[in-house]
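Examination of the molecular architecture
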Amino acid sequence: MELETADTKERLWTKDFLIVFGVNFLLFLCFYLLVVIIPSYAIDEFHVSDGIAALGSSIFVIGALLGRIAAGRLMENVGRRRMLFTGLIFFTILSLCYFFISSITTLLVIRFFHGLAFALASTATGTISASLIPHSRRGEGTGYYGVSIIVASAIGPFLGVMISNNSSVTGNFVLCAVLAVFSLLAGLFLNVPKLTLTAEQKSEMKGFKISNFFEPKAIPIAITILFMGLAYSSILSYLKLYAGQINLTEVVSFFFIVYAVVVILTRPFTGKWFDKHGVNFVMYPAIICFIIAMILLSQVHSGLILLLSAVFVGLGYGTTQASAQAYAVKKSPVHRMGLATSTFYIFLDLGIGVGPFLLGFLTPLIGYRGMYMAMAILLVVSFFVYYMMVGRKEKAEAQDHTLKVLN
């Protein structure tokens with residue numbers, strides 16, 4: 001196998017890394033721009049029930065899950081650049097289709113295929129970014145790359161609500177279409193490292209078997225991130241409702257801004273710690289911070305505590321997401337990097353996508369405070385799951401490495 005890299009001097013911020021960072025940011029900005037307004041749009045425009053309206057958001061995730069499974073399976077055989085442009089072209093076309101929605105059925109169909117196209121493109125950008133990051137700076141580079149998603153998750157909902165409140169939902173569709181076109185144009189200037197598979201590797205990727213849809217070495221850390229996604233979905237889906245119940249609606253608009261700022265400020269450190277000290281050094285404190293965040297949310301009585309919980313969400317979820325992705329890619333063979341990326345996102349999307357549905361049955365029974373305490377308990381469980389599936393193995397390997405060095 002021959003791999004041509006654009007980064008021979010351990011440089012991180014190359015032209016191509018900046019482009020793939022920007023393309024990924026635009027993709028996720030479109031996603032978050034629409035996800036907050038689609039349910040209310042469906043209710044206002046087509047007079048459907050809350051459940052059907054919520055399906056407008058969740059069906060996007062279903063399409064994305066199927067898209068990631070397909071992308072991981074086909075990535076290296078089809079080619080990363082071809083996969084990227086297939087996703088970007090269809091993502092742009094489907095972004096324009098929102099102007100022609102005439103029924104709830106049309107909306108759901110467009111949302112499903114939009115999610116599928118989004119998955120193809122974003123899995124390709126994740127794989128390409130991993131191939132551009134020097135191995136010695138894997139944690140740092142992946143952390144910086146993840147900022148594109150974090151910033152989009154903070155800006156997107158804010159813009160979506162502001163545009164729909166001050167003009168109409170059509171304004172959101174216009175902006176989404178413009179962003180999609182820009183992502184496609186930016187991709188034209190991206191030089192993708194070429195990966196040539198050996199005959200043995202091509203043979204390995206043939207056939208219908210689980211290992212051709214999921215990367216086994218990425219699954220242990222992906223299971224941990226499934227727990228993180230479930231917990232984070234409680235914030236994405238129910239924080240606004242919870243804040244309204246405790247009269248903190250005005251403060252909650254700053255929650256994701258604080259979260260994004262914390263992630264941006266800490267990424268330079270957490271990424272370097274990952275590279276220097278290993279995944280355990282970062283993951284254990286991050287999971288604990290996420291637990292603290294959920295406990296704080298369950299006890300919120302003031303705006304200050306709500307924003308303090310956002311700080312711990314940034315230290316917790318923001319750090320675990322980037323570190324887990326870096327670990328999944330680092331542990332996997334180079335020619336299965338696409339599978340590792342798709343495996344990671346499949347489990348993350350599954351947690352975020354299924355979470356609101358499951359929590360919808362829980363919150364009527366125990367309330368929002370009880371739900372966030374339940375999420376804290378879930379994260380305590382995830383701490384031990386991480387230890388059993390990843391942490392103790394990494395500790396043993398680190399000890400073995402130290403003994404070899406000493407001998």
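That block above? That's the structure.
Treat the numbers as computed from the prediction; the structure is a model and nothing was measured.

Points about the overall build of the protein chain
- Helix and strand counts for the protein chain come out as 14 helices and two strands.
- Computed over C-alpha atoms, the radius of gyration of the protein chain comes to 21 Å, within 12% of the 22 Å expected from 2.2 N^0.38 for 407 residues, which places it in the range of a compact globule.
- For the C-alpha atoms alone, the extent of the protein chain along its principal axes is close to 65 × 45 × 40 Å.
- Residue burial in the protein chain is summarised as follows: out of 407 residues, 55% are buried.
- In the protein chain, the proportion of contacts linking residues at least 24 apart, taken out of those at least 6 apart, comes to 86%.
- For the protein chain, the separation between the mean place of its 28 positive charges and that of its 19 negative charges on side chains is 4 Å.

Examining a nonpolar patch on the surface
- Together, L96, F99, F100, V174, V178, V181, F182, L185, L188 and F189 give the surface a local cluster of nonpolar side chains, amounting to about 970 Å² of exposed area.
- Counting residues per element, the nonpolar patch draws most heavily on helix α7 (residues 169–187), which supplies five residues.
- Mapped onto the elements, F189 comes out in the loop between α7 and β2 (195–196).
- A residue is classified by how much of its surface remains accessible, and F189, at 59% relative accessible area, is exposed.

Some points on the nonpolar core
- Of all hydrophobic cores here, the largest spans 123 residues; its most connected members are I235, F255, F290 and M294.
- Looking at this core, the element that brings in the most residues is helix α14 (residues 337–406), giving 17 residues.
- With residues up to four places along the chain from it excluded, the contact list for F290 reads M228, A231, Y232, I235, F312, V313, G316, Y317 and L379.

The rules behind these values
- Residues numbered from 1 in each chain as written.
- Predicted model: local features only at pLDDT ≥ 70, side-chain atom pairs only at ≥ 80, totals over all residues.
- Heavy atoms only, no water.
- Helix = DSSP H or I, 4+ residues; strand = E, 2+ residues; numbered from the N terminus.
- Rg over C-alpha atoms; globule rule 2.2 N^0.38 Å.
- Buried < 20%, exposed > 50% of the residue type's maximum accessible area, 1.4 Å probe, protein only.
- Contact = heavy atoms within 4.5 Å.
- Lys, Arg positive; Asp, Glu negative; His and termini not counted.
- Charge placed at Lys NZ, Arg CZ, Asp CG, Glu CD.
- Patch = residues over 30% accessible without salt bridge, like charges linked within 9 Å, V, L, I, M, F, W, Y side chains within 5 Å.
- Areas by Shrake-Rupley, 256 points an atom, 1.4 Å probe, with all protein chains shown as cover.
- Salt bridge = Lys/Arg side-chain N within 4 Å of Asp/Glu carboxyl O.
- Core = buried A, V, L, I, M, F, W, Y, C linked by side-chain atoms within 4.5 Å.

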